[in-house]
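# Residue-level structure breakdown
Given next are the chains, with one letter for each unit.
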Protein chains: 2
Amino acid sequence: MTSVLVVDDEPQIVRALRINLSARGYDVMTAYDGRSALGVAVEGKPDVVVLDLGLPDIDGVEVIAGLRGWSSIPIIVLSARTDSRAKVEALDAGADDYVTKPFGMDELLARLRAAVRRGLAREVGDPVVETSSFVVDLAVKKVRRDGHEVHLTPTEWGLVEILARNPGRLVSQKQLLQEVWGPMHVNESQYLRVYFAQLRRKLEDDPAHPRHLITEPGMGYRFEV
Amino acid sequence: MTSVLVVDDEPQIVRALRINLSARGYDVMTAYDGRSALGVAVEGKPDVVVLDLGLPDIDGVEVIAGLRGWSSIPIIVLSARTDSRAKVEALDAGADDYVTKPFGMDELLARLRAAVRRGLAREVGDPVVETSSFVVDLAVKKVRRDGHEVHLTPTEWGLVEILARNPGRLVSQKQLLQEVWGPMHVNESQYLRVYFAQLRRKLEDDPAHPRHLITEPGMGYRFEV
DNA sequence: CCCCGGCCTCAAGAACGCGTAAAAGCCGGA
DNA sequence: TCCGGCTTTTACGCGTTCTTGAGGCCGGGG
């Protein structure tokens, strides 16, 4: 579960955030001043921090610096100050986003999702599309089949890449021909038949009855995961 | 140098951003519609994208999706729409930040710095890449082989460095040529054959059957660890 | 029933890309 | 100026990949 640390000295704001965040499945921690916020952050290791700048004890920028000293947790700053100077200071101190009060809850939640997504993106590896019989790794441009690498020619890879980027969606013949062979060959649908036959021989368990590289007659092809 | 792709159909905004960003040492690319933006992004690999949502051809959300299909480049959305629905849509599509027009240049620049900072944090890795037959030290720009240093010419090092920074990944011929020889020589693939032969003679145990500097015919080269 | 459009399969020549070697050109330092 | 190192260019053999044509299969419509 994603955990959020909410830091604000106004109890009604903390309450509103706690209700909204909890309802959406977040694990909510709270703090009412900067010093305890730093303590809670160290203890609880939240996935993201929502930080009000107007705290009673320490300046908000100090809190950001304190967090950034040991962590790269995403920080979303909440503040009543709308002047650009305050925003620039907070962002340059290490904040990830700056939302002015009063704020729309929808927007704050969307920015929070964006921040969390980025935080997670750092941890995950390559974009990989997986089927029951083979694995397409789009970043390193490799295809593996039961642990063993399958060699694809440039044209073959071009087709697989387009399909793998649109899993489950129907891709038209014209689009495939255009992107792999260029605009001059959008009618050479025979190319597709030849190459899909090759791909099925290389990738499908039973090339005569493909389960992942599907022909939609008269329309195009579909990559079924 | 940090490179920024600015996408907007209003020339005066593009001009204003270009002037401000260039003055602060950014390398600025521009596009005036969604389709060319995607093309420029693929070609130029910018470090961050500033994207206007009101483009003439494609919907801005489509552009975001198109970028997110293959990349996690930070995207800062610019838009005249202030309603939270638009913000939520853009952020959930994969944008990193949302700034409403008219915007303060100071604030935009600060948000841009924040986005770039996050992007860079993701890239720092081990400055030493090790294979079974040699070791590449990216920090001091040296290659060692059984304890003994191997001398590389500047061009050879350029190739090794790019490959070592993308271990396991397939790097296209175009990218190698562009980064080592410059944009005017992206078709001189013979250079690559000559230099990879040299590198294999210097680094591989059996230059005729390379295990680490792998050619992917028609596509590019791969550094296998 | 037969025809026809779209699909699959196979095969062979052409075209392409790669590795290698070696020569030629281009510096900067002795 | 000459020399040595580095880069660019040229040439050729070889294996792989692409293209193209021919034939067979299947299902729907006339």
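Residues numbered from 1 in each chain as written. Chains lettered and ligands numbered in written order. Predicted model: local features only at pLDDT ≥ 70, side-chain atom pairs only at ≥ 80, totals over all residues. Heavy atoms only, no water.

In the annotation of an unreviewed UniProt entry, chain A is listed under the name Response regulator and assigned to Lentzea miocenica.

## Points about the UniProt feature "modified residue: 4-aspartylphosphate" (unreviewed entry) in chain A
All names here are of chain A. Note the following rule: UniProt positions are given in the numbering used here, feature names are shortened, and annotations may be inferred rather than shown by experiment. Only DSSP runs of H or I with at least four residues qualify as helices, and only runs of E with at least two residues qualify as strands; both kinds are numbered from the N terminus onward. For each residue, the accessible area found with a 1.4 Å probe, counting protein chains only, is set against the maximum for its type, and the residue is called buried under 20%, exposed over 50%, and partly exposed in between. Residue contacts are counted whenever heavy atoms from the two residues lie within 4.5 Å of one another.
UniProt records the feature "modified residue: 4-aspartylphosphate" (unreviewed entry) for D52 in the present numbering. Its location among the elements puts D52 in strand β3 (residues 48–52). Classification of D52 as buried rests on a relative accessible area of 4%. With residues up to four places along the chain from it excluded, the contact list for D52 reads V7, D8, D9, E10, L78, S79 and K101.

## Let's talk about the packing of helix α3 (residues 60–68) of chain A against helix α4 (residues 84–93) of chain A
Residue and element names in this part refer to chain A. Selection rule: Orientation is described by lines fitted to C-alpha atoms, with helices fitted over the stretch in contact, and by angles between N-to-C directions that extend from 0 to 180 degrees. We call two directions roughly parallel when the angle between them is under 35 degrees, roughly antiparallel when it is over 145, roughly perpendicular when it lies between 65 and 115, and oblique otherwise. Two helices crossing with the near one rotated counterclockwise from the far one by less than a right angle form a left-handed crossing, whereas a clockwise rotation gives a right-handed crossing.
Packing of α3 against α4 brings their axes to within 9 Å, and their N-to-C directions diverge by 15°. The orientation of α3 relative to α4 falls into the category roughly parallel. In this structure, α3 crosses over α4, and the sense of that crossing is right-handed. Residue-level contacts link V61, I64 and R68 of α3 to E89, A90 and A93 of α4.

## Points about the protein's contact with DNA strand C
Going by this rule: Here a residue is considered near a molecule or strand provided that any single heavy atom belonging to it is located within 4 Å of it. Polar contacts, as counted here, are pairs of nitrogen or oxygen atoms within 3.5 Å of one another; within protein the pair requires one atom able to donate a hydrogen and one able to accept it, and residues that are adjacent in sequence qualify only if both atoms are side-chain atoms. Under the convention adopted here, Pro, Cys and the residues Ala, Val, Leu, Ile, Met, Phe, Trp and Tyr are nonpolar, Asp, Glu, Lys and Arg are charged, and Gly plus all remaining residues are polar.
Around DNA strand C sit 20 residues, and of these A:R193, A:G218, B:Q173, B:R193 and B:T215 come closest. Per the 4 Å cut-off to the protein, sugar and phosphate atoms form 65% of the nearby atoms of DNA strand C. Between a phosphate oxygen of DNA strand C and a side-chain N or O atom of A:Q173, the distance comes to 3.3 Å. Contributing elements (two or more residues each) for the surface near DNA strand C: α8 (189–203) of chain A together with α8 (189–203) of chain B. Looking at the surface near DNA strand C element by element, the count peaks at five residues for α8(A). Here the residues of the surface near DNA strand C sort into seven nonpolar, eight polar and five charged.

## Quick look at the packing of helix α6 (residues 154–165) of chain A against α8(A)
Packed helix pairs are specified by the crossing angle of their axes together with the interaxial distance, meaning the distance between the axes. Residues and elements named next belong to chain A. Axis separation between α6 and α8 bottoms out at 10 Å; the angle between their running directions is 85°. By the angle between their directions, the pair α6 and α8 is classed as roughly perpendicular. Side by side, α6 and α8 meet where T155, E156, L159, V160 and L163 of the first sit next to L192, Y195, F196, Q198, L199, K202 and L203 of the second. Here the residues of the contact of α6 with α8 sort into eight nonpolar, two polar and two charged.

## A few points about the packing of aromatic side chains
Residues and elements named next belong to chain A. Our working rule: Stacked, tilted and edge-to-face are the three classes assigned to paired rings of Phe, Tyr and Trp, where Trp is represented by its six-membered ring and a pair needs centres within 6.5 Å; plane angles under 30 degrees give stacked, over 60 edge-to-face, the rest tilted.
Throughout the structure, instances matching the rule amount to eight aromatic pairs over all chains. Ring centres 6.0 Å apart and planes at 70° place the aromatic pair F134 and F223 in the edge-to-face group. Of the two residues, F134 sits in the loop between β6 (128–130) and β7 (135–137) while F223 sits in strand β12 (residues 220–223), which places them 89 residues apart along the sequence. On the basis of relative accessible area, F134 is assigned to the buried category, the value being 1%. Using a relative accessible area of 1% as the deciding quantity, one classes F223 as buried. By way of ring pairs, the aromatic residues W181, Y191 and Y195 are connected into one cluster.

## Let's talk about empty space enclosed by the protein
Just so we agree on the cut-off: Put plainly, a pocket is an open set of points on a 1 Å grid over the protein atoms alone with protein on both sides within 12 Å along at least five of seven lines, a cavity is a set where a 1.4 Å probe fits but cannot get out, and a lining residue has an atom within 4 Å of a point. Grid points are joined across faces, edges and corners, and a volume is the space filled by probe spheres set on the points.
If you walk through the whole model with that rule in mind, you get one cavity of 30 Å³ or more. Estimates place the volume of the largest cavity at around 70 Å³. Contributing to the lining of the largest cavity are A:K141, A:K142, A:V143, A:E149, A:V150, A:H151, A:L152, A:W157, B:E216, B:M219 and B:R222. Across the lining of the largest cavity, the residue classes break down as five nonpolar, one polar and five charged.

## A look at the interface of chain A and chain B
Note the threshold: Note on definitions: buried area is the accessible-area loss of two parts on being combined, 1.4 Å probe, summed for both. The salt bridge definition used is simple: a Lys or Arg side-chain nitrogen within 4 Å of an Asp or Glu carboxyl oxygen.
Each side of the interface is counted separately: chain A has 31 residues, and chain B has 31 residues. Interface area for chain A against chain B, summed over the two sides, is near 2700 Å², with a carbon-plus-sulfur share of 47%. Where chain A touches chain B, the interface holds nine salt bridges. In this structure, B:D96 and A:R118 form a salt bridge, with 3.0 Å as the shortest nitrogen-oxygen distance. Seen at the junction of chain A and chain B, the total is 15 residue pairs in polar contact (both at pLDDT 80 or more). Secondary structure elements with two or more residues in the side of chain A that touches chain B: α4, β5 (97–100), α5 (105–121) and α6 of chain A. The greatest single-element share of the side of chain A that touches chain B, amounting to nine residues, is contributed by α5(A). Of the residues in the side of chain A that touches chain B, the class split is 12 nonpolar, three polar and 16 charged.

## Some points on the pattern of salt bridges
Counted according to the given criterion, the structure contains 36 salt bridges over all chains. Between A:R145 and A:D205 there is a salt bridge, with the nearest N and O atoms lying 3.0 Å from each other. Of this pair, A:R145 sits in strand β8 (residues 142–145) while A:D205 sits in the loop between α8 and β11 (213–216), placing them 60 residues apart in sequence. It is possible to trace a salt-bridge network through shared partners that takes in A:K87, A:D97, A:E107, A:R111, B:K87, B:D97, B:E107 and B:R111.

## Observations regarding the protein's contact with DNA strand D
Around DNA strand D, a shell composed of 18 residues is seen, among which A:T155, A:Y191, B:T153, B:T155 and B:Y191 lie nearest. One of the side-chain nitrogen or oxygen atoms of B:H151 is found 2.9 Å away from a phosphate oxygen of DNA strand D. Contact distances for DNA strand D include 2.6 Å between a phosphate oxygen and a side-chain N or O atom of B:T153. For the surface near DNA strand D, the secondary-structure elements that each account for two or more residues are α6 and α8 of chain A together with α6 (154–165) and α8 of chain B. Here the surface near DNA strand D is built from residues that sort into 10 nonpolar, eight polar and no charged.

## Notes on the pairing of strand β2 (residues 27–31) of chain B
Residue and element names in this part refer to chain B. Test applied: Pairing between strands is defined by DSSP: at least two bridges between them are needed. Seen with the strands pointing away from the viewer, any crossover whose path from the first strand over the helix to the second strand runs clockwise is right-handed.
With five bridges connecting them, strand β1 (residues 3–7) and β2 associate as parallel partners. By the bridge assignment, V4 is partnered in β2 with V28. With helix α1 (residues 11–23) bridging β1 and its parallel neighbour β2, the resulting β-α-β unit is right-handed.

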